[in-house]
Amino acid sequence: MINRNKQQSFTLIELLVVIVIIGILAGVIMISTSSSIGKANIAKLKVFNDSFRNESLLNLISEWRFDDASNIVLDSWGGINATSNSTSYITKESNQCVAGACISLSGAQDFKISDNQKFHLDDLTIMLWYYKPSSNPDSYPTFFQKRSQSGTVGYLWSWLSDTNKEDVYWQYANGTSMVSRSWANVLNSNETWYHLVFLYNRSGQRLGLYVNGEFKGWRSASGILKIDNDSDLIFGSYASSLGHFIRGKFDDIRLFDNVLSTAQVKQNYVAGLNSLLNNNSISKEEYFQRIKNLSSSF
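Residues numbered from 1 in each chain as written. Predicted model: local features only at pLDDT ≥ 70, side-chain atom pairs only at ≥ 80, totals over all residues. Heavy atoms only, no water.

A.B. asks: How should I be thinking about the sheet that holds strand β14 (residues 233-235) in this particular structure?
C.D. replies: The strands making up a sheet associate through backbone hydrogen bonding, with each pair oriented either parallel or antiparallel. Spatial strand order, β2-β5-β14-β7-β8-β9-β10: 7 strands in an open sheet with antiparallel pairing. Of all strands in the sheet, those bounded by a partner on one side alone are β2 (83-84) and β10 (178-183). (Pairing = 2+ DSSP bridges. Helix = DSSP H or I, 4+ residues; strand = E, 2+ residues; numbered from the N terminus.)

This is the structure in structure tokens:
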């Protein structure tokens, strides 16, 4: 009787040891598998990135990288330099930006690009990196604006919602009135870098938005007018005198004379992510999570 109890006790201990060993092995396998998946995603995105490295440059009009200390709003591609309503820009260091330097707007600055024939377009893509701060107290904080509100001229205005500051709005003219389109809850985290791509597809009568490489959908824009006026393109406010200033950082603003493809948008986003990681502006955990999110949308 005593020997049988000892044998049963010994068998239970053995089972517990086996269970512990299996648990350890399972953990090692999961970590190894997770690492392999991460490496596979990176490899896939690297090939993808290389394939579209130069394609988007064919339609590039201008880019403002904010890296030249002597002219912070220099157009490094098309020669259409911007001007500012303020000299109090704070030029951030590279480890606080996407690539190189960036500018920080505190609610009183904006910068504008004088009207140029290159902007008189049927289709347009506006791509930028935006760091959303913890607070944007101004009403309708503006990403960009061209031409004062009118229903009968080529007019554009994009802003963050006045309430939750998470919805992105885009207003345009259709020939008789102003029409607003929106995407809800797409900028729902603060203290975060966002890659935003605004699509103006006049030929297709629609407006589109990408956030961090993910397409948020088209919005109908029936009757949308061609951008053909003589006003400036302003970033950071609805014209200095009228306010609606946005706060936060801007980096790598690019304008294209076409509607970029999903592949081109993702290529630009991945390039920015790689730079953010190299600058220690995002953690490895955030980087891999963003890569995972992007990979799942392929």
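A.B. asks: Could you clarify how one ought to interpret the pairing of strand β13 (residues 214-220) in this entry?
C.D. replies: Side-chain direction in a regular strand flips from residue to residue, so the side chains alternate between the two faces of the sheet. When strand β12 (residues 206-211) meets β13, the two strands line up antiparallel, connected through 5 bridges. The residue bridging Arg206 from the neighbouring strand is Ser220, located in β13. If you look at the hairpin formed by β12 and β13, you'll find 2 residues sitting between the two strands, and Asn212 has a positive phi there, around 55°.

A.B. asks: Help me understand the pattern of salt bridges in this model?
C.D. replies: Pairing between side chains of opposite charge can happen when their charged atoms approach one another. Per the stated rule, a full pass over the model turns up 9 salt bridges. Asp67 is the partner of Arg65 in a salt bridge, and the nearest nitrogen-oxygen pair spans 4.0 Å. Note that Arg290 is salt-bridged to Glu286, the shortest N-O span being 2.9 Å. Here Arg290 pairs with Glu286, and both are found in helix α3 (residues 284-295), just 4 residues apart, close to one helical turn. By relative accessible area, Arg290 is classed as buried at 8%. Via salt bridges that share partners, Glu63, Arg65, Asp67, Asp252 and Arg254 belong to a single interconnected network. (Salt bridge = Lys/Arg side-chain N within 4 Å of Asp/Glu carboxyl O. Buried < 20%, exposed > 50% of the residue type's maximum accessible area, 1.4 Å probe, protein only.)

A.B. asks: Can you walk me through the state of the cysteines in this structure?
C.D. replies: Linking two cysteines covalently via their sulfur atoms produces the bond known as a disulfide. Inspection of every chain in the model, using the stated rule, returns 1 disulfide. The residue that forms a disulfide with Cys97 is Cys102, at a sulfur-sulfur distance of 2.2 Å. Its S-S torsion of approximately -65° makes the covalent link between Cys97 and Cys102 left-handed. Judged by relative accessible area, which is 0%, Cys97 ranks as buried. For Cys102, a relative accessible area of 0% puts it in the buried group. (Disulfide = S-S within 2.5 Å.)

A.B. asks: For this particular structure, what's the right way to read α3?
C.D. replies: For the α-helix, the turn length of 3.6 residues means that residues three or four positions removed from each other point alike. If you check α3, its first and last C-alpha atoms are 16 Å apart, about what 12 residues at 1.5 Å a residue would give, namely 16 Å. Of the positions making up α3, those classed as buried are Tyr287, Arg290, Ile291, Leu294 and Ser295. The arc that holds the buried residues of α3, viewed along the axis, is 135°, so those residues lie on one side. Residues of α3 that are exposed and point more than 90 degrees away from the buried face comprise Glu285 and Lys292. (Expected span 1.5 Å × (residues − 1). Arc of directions from axis to C-beta.)

A.B. asks: Where do I start with the side chain of Asp252 in this structure?
C.D. replies: Within the secondary structure layout, Asp252 lies in strand β15 (residues 247-256). With residues near it in sequence (within four places) discarded, Asp252 still touches Trp64, Arg65, Phe66, Ala99, Met127, Leu128 and Trp129. (Contact = heavy atoms within 4.5 Å.)

A.B. asks: Just checking my understanding: could you explain the packing of helix α2 (residues 262-278) against α3 for this structure?
C.D. replies: A pair of packed helices is captured by two measures, namely the crossing angle of their axes and the spacing between those axes. Two elements in contact, α2 and α3, have axes separated by 10 Å at closest approach and are oriented at 170°. Of the possible angle classes, the one that applies to α2 and α3 is roughly antiparallel. Of the residues in α3, those in contact with Lys266, Tyr269, Val270, Leu273, Asn274 and Leu277 of α2 are Lys284, Tyr287, Arg290, Ile291 and Leu294. Residue composition of the contact of α2 with α3, by class: 7 nonpolar, 1 polar and 3 charged. (Axes fitted to C-alpha atoms, helices over the stretch in contact; angles between N-to-C directions. Parallel < 35°, antiparallel > 145°, perpendicular 65-115°, else oblique. Nonpolar A, V, L, I, M, F, W, Y, C, P; charged D, E, K, R; others polar.)

A.B. asks: Sorry if this is basic, but what is going on with empty space enclosed by the protein here?
C.D. replies: Gaps left between atoms show up when a probe the size of a water molecule is rolled over them. Applying the stated criterion to the full structure yields 1 cavity of 30 Å³ or more. The volume enclosed by the largest cavity comes to roughly 40 Å³. Taken together, Phe119, Leu124, Ile126, Lys146, Leu156, Ile227, Leu233 and Leu255 make up the full set of residues lining the largest cavity. Among the residues forming the lining of the largest cavity, the class breakdown is 7 nonpolar, no polar and 1 charged. (1 Å grid on protein atoms, 1.4 Å probe; cavity = no way out; pocket = protein on both sides within 12 Å on 5 of 7 lines; lining within 4 Å. Points joined across faces, edges and corners; volume = space filled by probe spheres on them.)

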